[in-house]
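A structural walkthrough
Listed here are the chains, written in short residue letters.
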Amino acid sequence: VQLQAYGGGLVQTGDSLTLSCVVSGGIFNTYVMAWFRQAPGKEREFVAALNRSGVRKNYADSVKDRFTIFRDNVRNTAYLQMNSLKPEDTAVYYCAAAPTTSFYNRSSAGYSYWGQGTEVTVSS
């Protein structure tokens, strides 16, 4: 199973950005999908997760009401729409897939497959 994340870039405070994660080599609609991020000098942290149907979602408090996770099970792609970006959102963003976990799982250890990361920089 391969995950390819893209869509990062340099934006200004208050801007929006949408990340994409294309999954290949597996059965996409059997995976819980999630996004994590890692800021310089910090540990990787949970951002959002989505159940297999795309109906149920789980967000970190720091991004709730600003970020939206969603998926397209036809295109085998998960997305992270990020609005009202702040400098503290600056990080490398990773998508992850899990065939056997709940969308409540916020631990990186629960996810089997990972993308390579896409960098988001928010300038003040």
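Rules used throughout
Residues numbered from 1 in each chain as written. Predicted model: local features only at pLDDT ≥ 70, side-chain atom pairs only at ≥ 80, totals over all residues. Heavy atoms only, no water. Phe/Tyr/Trp six-rings, centres within 6.5 Å; stacked < 30°, edge-to-face > 60°. Helix = DSSP H or I, 4+ residues; strand = E, 2+ residues; numbered from the N terminus. Buried < 20%, exposed > 50% of the residue type's maximum accessible area, 1.4 Å probe, protein only. Lys NZ or Arg CZ within 6 Å of the ring centre and 35° of its normal.

**A look at the packing of aromatic side chains**
Following the criterion strictly, the structure yields 6 aromatic pairs and no others. Ring geometry for Phe36 versus Phe46: centroids 5.7 Å apart, planes at 80 degrees, classification edge-to-face. Taken together, the positions of Phe36 in strand S4 (residues 32-38) and Phe46 in strand S5 (residues 45-50) put the pair 10 residues apart, joining distant regions of the chain. Residue Phe36 is classed as buried on the basis of its relative accessible area of 1%. Through a chain of ring-to-ring contacts, the aromatic side chains of Phe36, Phe46, Tyr111 and Trp114 assemble into a single cluster. Arg44 extends its terminal NZ or CZ atom over the ring of Tyr94, reaching a point 3.9 Å from the ring centre. Directly above the aromatic system of Phe28 lies the positively charged group of Arg71, at a separation of 4.4 Å from the ring centroid.

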